[in-house]
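Residues per chain, in single letters:
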Amino acid sequence: MMRVAVLVSGGGSNLQAILDAKARGELPQTELCLVLSSAHGAYALERAEKAGVPSEVCSPKDYADRSAYTDAILEILQKHRIEAVVLAGFMFMLSPQFAEKYENRALNVHPALIPSFCGPGYYGLKVHEYALAAGVKVSGATVHFVTAETDAGPIIAQKAVEILEDDTPEVLQRRIMEQCEWILLPRALALLSEGKITVENGRVHIDN
Ligand code: GAR
């Protein structure tokens, strides 16, 4: 069993997708040991409690800079003997020491088809606002490994949806969550914990 922590900042619908997949028996090698939130009062914390998963809050406001915050996060993860991490709507860029410590063991879900609409400043609803403003005809989601550079790590899975005439950022966000993120993320976690993902020269190979 792989000891996993899920890092969240808000609603936690991707966390919920993981909890539901676990409840359905789809994550047999994953032990959900910790939900770690950057914000007090995040709804994700209620989801963790309901599912009986321990949680902690570690707010960036309590630290002098990004590096000190990252060290605090790493310390909590170490305390819980966490082997792999999922960034599921975690809205803070961590310092490179995080990516180094969890190289090829930290997943991120991003609500666009990387390398489009990604990088610093592209998060949450903004991603969908940019996609609609650009007039793209498809968008989607990407699950990738975390590296020091934002949204630039090896890509594990992507799924696309069509953009429809009347889409608003909110409507598009919901479609991408339902049809892409909530499916791809638990699946990638299952593959990771089953040891089926290898990375070579920055590219992911999946052993099915
Ligand atoms: C999700 O759409 C996730 O992909 C996105 O924020 C939302 C969080 O929702 N993450 C990013 O933009 C990170 N760059 P959730 O809290 O309901 O899972």
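This write-up is about the structure you can find in this document.

1. A word on the overall build of the protein chain
Here comes step 1: Scanning the protein chain from terminus to terminus reveals six helices and nine strands.
Here comes step 2: In terms of overall dimensions, the protein chain has a C-alpha envelope of 50 × 40 × 40 Å along the principal axes.
Here comes step 3: Expressed as a percentage of contacts within the protein chain between residues at least 6 apart in sequence, the contacts between residues at least 24 apart total 63%.
Here comes step 4: Element-wise, carbon and sulfur atoms account for 49% of the exposed surface of the protein chain, whose accessible area totals about 10,300 Å².
Here comes step 5: Each charge class in the protein chain was averaged separately, 19 positive and 26 negative side chains, and the resulting centres sit 3 Å apart.

2. Overview of the sheet that holds strand β5 (residues 106-110)
Here comes step 1: Strand order in this open sheet of seven strands is β3-β2-β1-β4-β5-β6-β7, and the pairing throughout is mixed. In this open sheet, the two edge strands, each paired with only one partner strand, are β3 (55-57) and β7 (155-162). Between one strand and the next, the sheet's axes are offset by a mean angle of 20 degrees, whatever the strand orientation.
Here comes step 2: Pairing of β5 with strand β6 (residues 138-145) involves four bridges; the strand directions are antiparallel. Looking at the pairing, V109 lines up with V143 of β6.
Here comes step 3: Against the sheet, helix α1 (residues 13-23) engages β1 (2-8), β2 (30-37), β4 (84-87) and β5, with an angle of about 160 degrees to β2.
Here comes step 4: Contacts between helix α3 (residues 66-79) and the sheet are confined to β1, β2, β3 and β4, with β2 contributing the most and set at about 150 degrees to the helix.

3. Points about the layout of surface pockets
Here comes step 1: Here the largest pocket defines a volume of roughly 730 Å³.
Here comes step 2: Lining the largest pocket are 38 residues, with G89, F90, M91, N108 and Y123 sitting closest to its centre.
Here comes step 3: Elements supplying a minimum of two residues to the lining of the largest pocket: α1, α4 (96-101), β5 and α6 (169-193).
Here comes step 4: Its residues placed into classes, the lining of the largest pocket shows 17 nonpolar, 18 polar and three charged.

4. Thoughts on the site of the ligand
Here comes step 1: Taken together, 14 residues lie near the ligand, and G12, S13, N14, G124 and E181 sit nearest.
Here comes step 2: Within the side chain of H110, a nitrogen or oxygen atom sits 3.4 Å from a nitrogen atom of the ligand.
Here comes step 3: E181 has a polar side-chain atom sitting 2.6 Å from an oxygen atom of the ligand.
Here comes step 4: Considering the ligand on its own, with 450 Å² of exposed area, one finds that the protein chains cover 92% of that surface.

5. Observations regarding the pattern of salt bridges
Here comes step 1: Applying the stated criterion to the full structure yields six salt bridges.
Here comes step 2: Of the charged contacts in the structure, one is a salt bridge between E26 and R24, with a shortest N-O distance of 2.8 Å.
Here comes step 3: Judged by its relative accessible area of 40%, E26 is partly exposed.
Here comes step 4: Here E194 makes a salt bridge to K196, at a shortest N to O gap of 3.2 Å.
Here comes step 5: On the accessibility criterion, E194 (30% relative accessible area) is partly exposed.

Rules used in this analysis
- Residues numbered from 1 in each chain as written.
- Predicted model: local features only at pLDDT ≥ 70, side-chain atom pairs only at ≥ 80, totals over all residues.
- Heavy atoms only, no water.
- Helix = DSSP H or I, 4+ residues; strand = E, 2+ residues; numbered from the N terminus.
- Contact = heavy atoms within 4.5 Å.
- Areas by Shrake-Rupley, 256 points an atom, 1.4 Å probe, with all protein chains shown as cover.
- Lys, Arg positive; Asp, Glu negative; His and termini not counted.
- Charge placed at Lys NZ, Arg CZ, Asp CG, Glu CD.
- Pairing = 2+ DSSP bridges.
- Axes fitted to C-alpha atoms, helices over the stretch in contact; angles between N-to-C directions.
- 1 Å grid on protein atoms, 1.4 Å probe; cavity = no way out; pocket = protein on both sides within 12 Å on 5 of 7 lines; lining within 4 Å.
- Points joined across faces, edges and corners; volume = space filled by probe spheres on them.
- Nonpolar A, V, L, I, M, F, W, Y, C, P; charged D, E, K, R; others polar.
- Near = heavy atom within 4 Å.
- Polar contact = N/O pair within 3.5 Å; in protein donor to acceptor, adjacent residues only side chain to side chain.
- Salt bridge = Lys/Arg side-chain N within 4 Å of Asp/Glu carboxyl O.
- Buried < 20%, exposed > 50% of the residue type's maximum accessible area, 1.4 Å probe, protein only.

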